[in-house]
Protein chains: 2
Amino acid sequence: MPYQSIQQLLKTAPVGTVVTVKGWVRTKRESKNAVFIALNDGSTINTIQAVAQPDQLSDDLLRLITTGACLSVTGELVESQGSGQAVELKISDVLVYGPADPDKYPLQPKRHSLEFLREIAHLRPRTNTFSAILRVRHALAFAVHKYFNDNGFYYLNTPIITASDAEGAGEMFRVTTLDATKPPLTEEGKVDYSQDFFGRETNLTVSGQLEGELGAMALGKIYTFGPTFRAENSNTTRHLAEFWMIEPEMAFHELEDNMALAEDFVKTVIRYALDNCADDLAFLDNRLKEEEKTKKKEEQSELSLLEKLRFVVDNEFQKLTYTDAIEILLNSKPAKKGQFQYEVSWGVDLQSEHERYLVEKHFKKPVILTNYPRAIKAFYMKQDDEPATNDRGQVFGPTVRAMDVLFPGIGEIIGGSQREDNYDKLVARMEEVGIEPDALWWYLDTRRFGSAPHAGFGLGFERLVLFVTGMGNIRDVIPFPRAPKQAEF
Amino acid sequence: MPYQSIQQLLKTAPVGTVVTVKGWVRTKRESKNAVFIALNDGSTINTIQAVAQPDQLSDDLLRLITTGACLSVTGELVESQGSGQAVELKISDVLVYGPADPDKYPLQPKRHSLEFLREIAHLRPRTNTFSAILRVRHALAFAVHKYFNDNGFYYLNTPIITASDAEGAGEMFRVTTLDATKPPLTEEGKVDYSQDFFGRETNLTVSGQLEGELGAMALGKIYTFGPTFRAENSNTTRHLAEFWMIEPEMAFHELEDNMALAEDFVKTVIRYALDNCADDLAFLDNRLKEEEKTKKKEEQSELSLLEKLRFVVDNEFQKLTYTDAIEILLNSKPAKKGQFQYEVSWGVDLQSEHERYLVEKHFKKPVILTNYPRAIKAFYMKQDDEPATNDRGQVFGPTVRAMDVLFPGIGEIIGGSQREDNYDKLVARMEEVGIEPDALWWYLDTRRFGSAPHAGFGLGFERLVLFVTGMGNIRDVIPFPRAPKQAEF
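Residues numbered from 1 in each chain as written. Chains lettered and ligands numbered in written order. Predicted model: local features only at pLDDT ≥ 70, side-chain atom pairs only at ≥ 80, totals over all residues. Heavy atoms only, no water.

1. Section: the relation of the copies chain B and chain A
In step 1: When chain B is fitted to chain A, the residual RMSD is 0.0 Å, and the transformation amounts to a turn of 180° plus an axial shift of 0.0 Å. Those values place the two copies in the arrangement expected of a two-fold rotation axis. Using C-alpha coordinates, one finds that chain B approaches the rotation axis most closely at B:Val175, a distance of 2.5 Å.
In step 2: When you check the interface residues of chain B against chain A, 100% turn up at the interface there too, and the contact is symmetric in its surfaces. (Least-squares fit on C-alpha atoms with pLDDT ≥ 70 in both. Contact = heavy atoms within 4.5 Å.)

Next up, the structure:
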């Protein structure tokens, strides 16, 4: 062990031993009786306080000990004189690895706006807020792998560069090695992709689902966890051009099993964060409380971050059909008072305002909506046998065994479905929506040979991190966000 | 639980209970006294044998039960009459989910060549060999996350789309949304990337290291585990255009710490596979033995797969400098007899034949070579203070604190180094090799502000899977390989 992390030190707190701590100066405070240096090494949100006598450190040395400088400090661990920490370090030796010129170092000990910190994404992990976010992000990622491993799923690395468009929609990034200025052309004057690296036009994947299904129809239960891409030119707090997706896919699972799995999965990973990130979540809980105070009373959240997380973990998710949800929305106060921006009727895609009404006002818990209209969902979703009807016997259009998990504040956090396992129905639907069956011959092979009921879902990892950290902008929960005109670092 | 996996069933083997098994038919065998159906569901390499009386299943049903068909079989678990398994299923009910026309289904119960299976990569996970490989791959991936999590590392998702080239080398894939046929041009006739999605030219990452260093200089210890890309037009058994890399990066680690970590890491994950994939590794061990038998005696491996894995786990890696390795190679039999294809002298990049001589013939264990000539390594590696010398006092050129971990059969499996933390030396080296320091301003900021000794390494995940599974072609250890002219599925 080259050094002991501050997290380990504070946990074991072996008072009386001599230790070496390595880390970055958060603050330095000089009084008549002592010099106090708060050191952080990124292993925890907590700092360790190193204390020296006033004349113990030379002026030259003291000048180098400024916020952001990196030190190795050796000394005895003693019970802390001040409050807020159990132990502090009585300095016997200080080595400055690297100074941080206070006139140039951007992260001085004051409040920085999230916008400013986004511009220095290479340094922001050195702040309390971003180091906490990244540690929570790590814990969630580990919880994802642990959950699936514990439950008999196999991790499947689906391809990033692909010649297919899983959703039959979505704008994609082209991947190429052709000469950009003068690409080779065919006789018809189109780009001749047969001369490109892969011998065909290729893009960055928008989803690993189709390949995930191939895995499930061989290994039983698989999951993906990798980057996916959307070339949408939308500058919002909810969209990234590059983000990480988790997509489990399970043979022999029908819609009900899929719902049960999604609920158990998301509760388990959030519980893992609550159990393993107490200090970071307490800090982020506080941060959000401070931020809420700047809002108008009526816009403030009823629940604190920690309350919201416990709320999700402790409550059974409300499950209902899209058709029943439409009934509720049509009978809701905001609908009757004309307060929804978008009108509700059977067949429309629900807007965020509708989803949030159901979750936050009506049920006051996470909601799983199922059996959506076929027309607004992807071609691969299993078709229901009967069209939807409401309580009064009114008959609507055909539906599919889709499910969306809706969370407070976030809206849709998980989207999934049972998959169409009937070859003929699947091909007919592809043709209806204009997807060439031949282009997906390998996908259709799973329905040609040994087809079986199966289901799966997708979870945008950053949406989960956003929810668990209580942050408001998705660019603040991924280390190096990619968005229109943004590819620095 | 919608069903119990065969892995679980065989583990608990509750003889006398009635269970439902869902899976794909591997083989069907009919005798006068019974019908035997071997079912596999991908959860394990093992099949469960389901047995019916000869007249119990109708002819129509029996016709559908062919290799590759998917069934749900209910029956009583009884002690097996035959050998090779503890229990078998006495069929009471069979449901065919999906048949597999024997005239069309490509995976009939006979030996298929790996080349043929590569062409049907969407189905090959249904074979014993590939399901075993993918389960081992999963176990190794999980072991990687577990190792780093257990040791205080944080998982950092470095960007996939990037405007920088970490190594200052390597051919890259361009990522773009510009019109392919008629891209916008600048006045000078060059492609106007300011109009591209990111407002600049972007590529797929070749390494997350530089961004990883940013993380380490804030969080202490981080690791990446994500896809990386090389647009090299090389059709070999060792190269992929898209592969997964693991890159830990640690503040306050010097070369020796880096070596110790690399050794402990790779031993721990291989030990995890040995402990958790016994059945699959036994199968792959056997597969390799059969394959070896087809080779000439002198080309056969001395160790079986399992012996090789235990050998790595049980032996301390041999550590020596590049300069000492050159001495050994110069004095070796093959050098003296002129049997090396490439000549050896101080300053050359070692070839696979040299690395394998050191590992397989000279030391007969994994080797970590350190302190390579500066000229053949990347700009970011920490420069040694003194030039290399040999035992006889001969002085060679400047070296860097690089390390390569060499494995039997594979050659280099890990490459890493302590990083240059001195701003001036780093900038000077960048200028020497023609990298514009301004383009990496954010990278240099870690040396401007709070610099510290740090180190890291990279492990190509597929190289590890190749080693642990004993496969010969890297395209057989990733589900959907990407290579020149290959982007199907």
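2. Observations regarding the pairing of strand S3 (residues 48-52) of chain B
All names here are of chain B.
In step 1: Among the five residues of S3, five are classified as buried, and the element is accordingly described as predominantly covered.
In step 2: Sheet analysis places strand S2 (residues 35-40) next to S3, joined by five bridges and oriented antiparallel. Note on S3: the bridge partner recorded for phenylalanine 36 is valine 51.
In step 3: Sheet topology places S3 next to strand S5 (residues 87-98); two bridges connect them, and they run parallel. In the strand pairing of S5, alanine 50 is matched with leucine 89. (Buried < 20%, exposed > 50% of the residue type's maximum accessible area, 1.4 Å probe, protein only. Helix = DSSP H or I, 4+ residues; strand = E, 2+ residues; numbered from the N terminus. Pairing = 2+ DSSP bridges.)

3. Focus on the pattern of salt bridges
All names here are of chain B.
In step 1: On inspection of all chains with the given rule, the structure shows 52 salt bridges over all chains.
In step 2: Linking lysine 293 and glutamate 290 is a salt bridge whose minimum nitrogen-to-oxygen distance equals 3.3 Å. Highlighted residues: lysine 293 and glutamate 290, both in helix H7 (residues 278-293), separated by three residues, approximately one helical turn.
In step 3: Overall, lysine 293 belongs to the exposed group, its relative accessible area being 60%. (Salt bridge = Lys/Arg side-chain N within 4 Å of Asp/Glu carboxyl O.)

4. Some points on the domain arrangement of chain A
All names here are of chain A.
In step 1: As assigned here, chain A comprises domain 1 (6-110) and domain 2 (126-171 + 206-476).
In step 2: On a C-alpha basis, the centres of domain 1 and domain 2 stand 45 Å from each other.
In step 3: If you look at the interface, domain 1 gives 10 residues, while domain 2 gives nine residues.
In step 4: Summing both partners gives a buried area of about 740 Å² for domain 1 against domain 2, and 48% of it is carried by carbon and sulfur.
In step 5: Of all residues in domain 1, the largest losses of buried area upon contact with domain 2 belong to Arg26, Ile45 and Leu107, amounting jointly to 63% of the total for that side.
In step 6: The interface formed by domain 1 and domain 2 contains five residue pairs in polar contact (both at pLDDT 80 or more).
In step 7: Grouping the constituent residues of the side of domain 1 that touches domain 2 by class yields four nonpolar, five polar and one charged. (Domains from an automatic or database assignment. Buried area = accessible area lost by both parts, 1.4 Å probe. Polar contact = N/O pair within 3.5 Å; in protein donor to acceptor, adjacent residues only side chain to side chain. Nonpolar A, V, L, I, M, F, W, Y, C, P; charged D, E, K, R; others polar.)

5. Topic: the nonpolar core
In step 1: Ranked by size, the top nonpolar core spans 162 residues in total, and within it A:Ile270 and B:Ile270 carry the most contacts.
In step 2: Discounting chain neighbours no more than four positions away, the residues touching B:Ile270 are B:Leu309, B:Val312, B:Val313, B:Phe407, B:Leu464, B:Phe467 and B:Val468.
In step 3: Counting 45 residues, the second largest nonpolar core, distinct from the first, contains A:Phe489, B:Leu320, B:Val359 and B:Phe363. (Core = buried A, V, L, I, M, F, W, Y, C linked by side-chain atoms within 4.5 Å.)

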